[in-house]
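Residue-level structure breakdown
If you want the building blocks of each chain, they are given just below.
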Amino acid sequence: MTRILAVSAGLSVPSSTRLLTERLADAVRADLGPDAEVELVELRPLAHALADHLLTGFPNAELEEVLEKVRLADGLIMVTPVFSASFSGLFKTFVDVMEPGLLIGKPVLIGATAGTSRHSLVLDHALRPLFAYLRAVVVPTGVFAATEDFGDHGLEQRVERAAGELASLVGGRRALHVVRDEFADPTPFADRLRGLST
Amino acid sequence: MQFGIFTVGDVTTDPTTGRTPTEHERIKAQVQIAKKAEEVGLDVVAVGQHHNPPFVASSPTTTMAYIAAQTERILLSTSTTLITTTDPVRIAEDYGTLQHLADGRMDLMMGRGNTGPVYPWFGKDIREGINLAIENYALLHRLWREDVVDWEGKFRTPLQGFTATPRPLDGVPPFVWHGSIRSPEIAEQAAYYGDGFFHNHIFWPSSHTRQMVALYRRRFEHYGHGRADQAIVGLGGQFFMRRNSQDAVREFRPYFDNAPVYGHGPSLEDFTSQTPLTVGSPQEVLERTLGFREYVGDYQRQLFLVDHAGLPVKTVLEQLDLLGEILPDLRAGMAEGRPAHVPDGPTHAGLVAARDAAAVTGAAEEVSA
């Protein structure tokens, strides 16, 4: 089964970031068909848990469950509101607490919302380099929605194009990167010793 | 089963008075606390190793030797010895000397340390942390077991015809624990050598402790050192006790809220439910501690962190008195239902006896063959 996790960093209720995330999730679900499981997670209820993680170094049970979903996901939809010309602090904190290497090779669809279309390059100036650094595979189309875009036919086209790109990428993901589970299948110690002596 | 205390040797301001102990006071307090630990019947006291303020624990073997000279029974250990940035030759020599001075009343726990700049200060690269722990320990292991060592590795200058002196007391090297909170490679390392594995257990939820210990036990058996339930497991823990539960919470809260590691984060209530921290009556601490076995199995060593977060020495000593009071019940509880084949906590006498028994068995096999 293909698993997609859609993450919304929207804060208000109702939230246009959540609305965009839902539209992206629905479009990806439509492309992948009934075998895919597409789940949406909001970061707002995790805000305290995220701050605590920064301070204690470990996730509480609730946050750990979400991070585990990130690990298991075949693809991610990551959507943030634009705050001060970039992703929000909450969105970045969620990325910051991920284990190193968690996103390597993982297909990611990026999205952002803002009150004005003058922020639209945030996708390419802030989100795309962030996920490039984490060695995620970012789909070519990012979806930006200013308030006015919710009344515009072009948004739907971009949502569908981006969703299609993510759907086609997740199919081949397993070949891109496999993280060894050192708990289930530990690297034999003799191999590690040998690795140092050569 | 051994019970004891471990410290990181931090100098922290008491948040209720604003007073910060001097380094001198803190170092002397560690000795006072260790002597008290022996007095109340504890088995182990472990000191830390750090090379930066606010810690005073840069020279563990000096502190351990001093404590050893002032005590008679308690076993000295570390929490931890930095195997990454300390030359393994110096570890072999320092702890080898300590083993003789303390008549075998010592062991040590390997750790990697977590303060980034300490690595470059000692000429190392933090990105090689795991590899340093692996290579340095491989050398230490040989230095204590082979009289003359030829060695070449990636991180240290080579050795030709080197003999680490003094040779181990009675020809038996100090027992070694490997401590790690979340690196499966270290559990694997401990299992490979048949050494002990210690989980700090105090900053993380029990699910992580369970996962690390389970891996260590499984691999201990895989490498032929015995059954999984015979692997040597140690756990950390922390508590704050008063006769009355509410008094404990009231008194400890400001220390918790301002603690260097988790302060200003989750509430005391959240943290006590998420981690093994217990703040309450002696009976509550007793019950919680006896529950640790449920997720790690019968184990060998339980160490508690009692002197931290700026708690005054007087309070720490009171905590030890209370721990001493529940100690008989802790021992009885841990002994209950414990299978006979589960080993006791490691001691020098035990290791010597095991070595001699193996030699007799080996000789008998030779005769019969």
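Scroll up a little and you will see the structure.
Structural notes, computed from the coordinates. Quantities reported herein were computed from a predicted structural model and do not represent experimental measurements.

As for the overall build of chain A
From N to C terminus, chain A includes 8 helices and 7 strands. The C-alpha radius of gyration of chain A comes to 18 Å, within 12% of the 16 Å expected for a compact globule of 198 residues. Taken along the three principal axes of its C-alpha coordinates, chain A extends 60 × 40 × 30 Å. Buried residues in chain A amount to 50% of all 198 residues. Partitioning the contacts of chain A with sequence separation of at least 6, the portion at a separation of at least 24 is 77%. Accessible surface for chain A amounts to roughly 9,400 Å². Of this, 53% is attributable to carbon and sulfur atoms. If the 19 positive side-chain charges of chain A are averaged to one point and the 26 negative ones to another, these points end up 4 Å apart.

Focus: the overall build of chain B
Within chain B, the secondary structure is distributed over 13 helices and 13 strands. Here chain B holds 369 residues, and 56% of them are scored as buried. Here the contacts in chain B between residues at least 6 apart in sequence split such that 73% fall between residues at least 24 apart. In the form shown here, chain B has an accessible surface area of approximately 15,000 Å², with 53% of it arising from carbon and sulfur atoms. Computed over 33 positive and 45 negative side-chain charges, the separation of the two mean positions in chain B equals 2 Å.

Details of the nonpolar core
One finds Ile5(B), Leu42(B), Tyr216(B), Phe252(B) and Leu323(B) to be the most contacted residues of the largest nonpolar core, which totals 104 residues. Ranked by the residues each element gives to this core, the list is headed by helix H12 (residues 313-335) of chain B, at 9 residues. Once residues lying within four places of it in the same chain are set aside, the contact partners of Leu323(B) are Ile5(B), Leu42(B), Phe239(B), Met241(B), Phe304(B) and Leu330(B). Counting residues in each nonpolar core, the second largest holds 39 residues, with Leu5(A), Leu43(A), Ala49(A) and Leu103(A) among its members.

Regarding the side chain of Gln319(B)
All names here are of chain B. The topology assignment puts Gln 319 in helix H12. Gln 319 sits in the buried class, given a relative accessible area of 1%. Setting aside chain neighbours within four positions, we find Gln 319 in contact with Phe 239, Phe 240, Met 241 and Arg 242.

A look at the interface of chain B and chain A
Each side of the interface is counted separately: chain B has 33 residues, and chain A has 20 residues. For the pair chain B and chain A, the summed buried surface comes to about 2,200 Å²; carbon and sulfur atoms form 65% of the total. At the surface where chain B touches chain A, the tally comes to 1 salt bridge. Run the count over chain B and chain A and you get 6 residue pairs in polar contact (both at pLDDT 80 or more). Per-element tally for the side of chain B that touches chain A: the top contributor is helix H7 (residues 206-222) of chain B, with 7 residues. Residues that form the side of chain B that touches chain A fall into these classes: 16 nonpolar, 10 polar and 7 charged.

Observations concerning the sheet that holds strand E8 (residues 176-179) of chain B
Residues and elements named next belong to chain B. Across the sheet, which stays open at both edges, the 9 strands sit in the order E3-E2-E1-E13-E10-E9-E8-E5-E4 with parallel pairing between neighbours. In this open sheet, the two strands that pair with only one neighbour each are strand E3 (75-78) and strand E4 (81-82). Across 3 bridges, E8 lies against strand E9 (residues 196-199) in parallel orientation. Bridge pairing links Trp 177 to Gly 196 in E9.

A few points about helix H2 (residues 47-56) of chain A
Residues and elements named next belong to chain A. All buried positions along H2 are accounted for by Ala 49, Leu 50, Asp 52, His 53 and Thr 56. For H2, the angular spread of buried residues about the axis comes to 160 degrees, placing them on one side. Away from the buried face of H2 by more than 90 degrees, exposed residues His 48 and Leu 54 are located. Downstream of H2 by a residue or two, Gly 57 has a phi angle that is positive, lying close to 85 degrees.

Quick look at the packing of helix H1 (residues 23-39) of chain B against H12(B)
All names here are of chain B. Between H1 and H12, the least distance of the axes is 10 Å, while the angle of their chain directions is 15 degrees. As the angle between them shows, H1 and H12 are arranged roughly parallel. H12 is crossed by H1, and the crossing has right-handed handedness. Judged by residue contacts, Ala 29, Gln 32, Ile 33, Lys 36 and Ala 37 of H1 engage Val 313, Val 316, Leu 317, Leu 320 and Asp 321 from H12. Its residues assigned to classes, the contact of H1 with H12 comprises 7 nonpolar, 1 polar and 2 charged.

Let's talk about the environment of Glu99(A)
Residues and elements named next belong to chain A. Take Glu 99: it is sitting in the loop between helix H4 (89-96) and strand E5 (107-114). Judged by its relative accessible area of 43%, Glu 99 is partly exposed. Spatially, the C-alpha atom of Glu 99 lies 10 Å from that of Val 70, the residues being 29 residues apart in sequence.

Looking at the packing of H2(A) against H4(A)
Residues and elements named next belong to chain A. Axis separation between H2 and H4 bottoms out at 10 Å; the angle between their running directions is 50 degrees. By the angle class used here, H2 and H4 are oblique. The crossing of H2 and H4 is left-handed. Taken together, the residues of H4 that come into contact with H2 (itself represented by Ala 47, Leu 50 and Leu 54) are Leu 90, Thr 93 and Phe 94.

Some remarks on the packing of aromatic side chains
Within the structure shown, the criterion is met by 20 aromatic pairs over all chains. Plain terms: the ring middles of Phe58(A) and Trp204(B) are 5.9 Å apart, the flat faces sit at 40 degrees to each other, and that makes the pair tilted. Pair noted here: Phe58(A) is in the loop between H2 and helix H3 (61-72) and Trp204(B) is in the loop between E9 and H7, and the two residues belong to different chains. Relative accessible area serves as the criterion here: at 2%, Phe58(A) is assigned to the buried category.

Conventions used here
Residues numbered from 1 in each chain as written. Chains lettered and ligands numbered in written order. Predicted model: local features only at pLDDT ≥ 70, side-chain atom pairs only at ≥ 80, totals over all residues. Heavy atoms only, no water. Helix = DSSP H or I, 4+ residues; strand = E, 2+ residues; numbered from the N terminus. Rg over C-alpha atoms; globule rule 2.2 N^0.38 Å. Buried < 20%, exposed > 50% of the residue type's maximum accessible area, 1.4 Å probe, protein only. Contact = heavy atoms within 4.5 Å. Areas by Shrake-Rupley, 256 points an atom, 1.4 Å probe, with all protein chains shown as cover. Lys, Arg positive; Asp, Glu negative; His and termini not counted. Charge placed at Lys NZ, Arg CZ, Asp CG, Glu CD. Core = buried A, V, L, I, M, F, W, Y, C linked by side-chain atoms within 4.5 Å. Buried area = accessible area lost by both parts, 1.4 Å probe. Salt bridge = Lys/Arg side-chain N within 4 Å of Asp/Glu carboxyl O. Polar contact = N/O pair within 3.5 Å; in protein donor to acceptor, adjacent residues only side chain to side chain. Nonpolar A, V, L, I, M, F, W, Y, C, P; charged D, E, K, R; others polar. Pairing = 2+ DSSP bridges. Arc of directions from axis to C-beta. Axes fitted to C-alpha atoms, helices over the stretch in contact; angles between N-to-C directions. Parallel < 35°, antiparallel > 145°, perpendicular 65-115°, else oblique. Left-handed = near helix turned anticlockwise from the far one by under 90°. Phe/Tyr/Trp six-rings, centres within 6.5 Å; stacked < 30°, edge-to-face > 60°.

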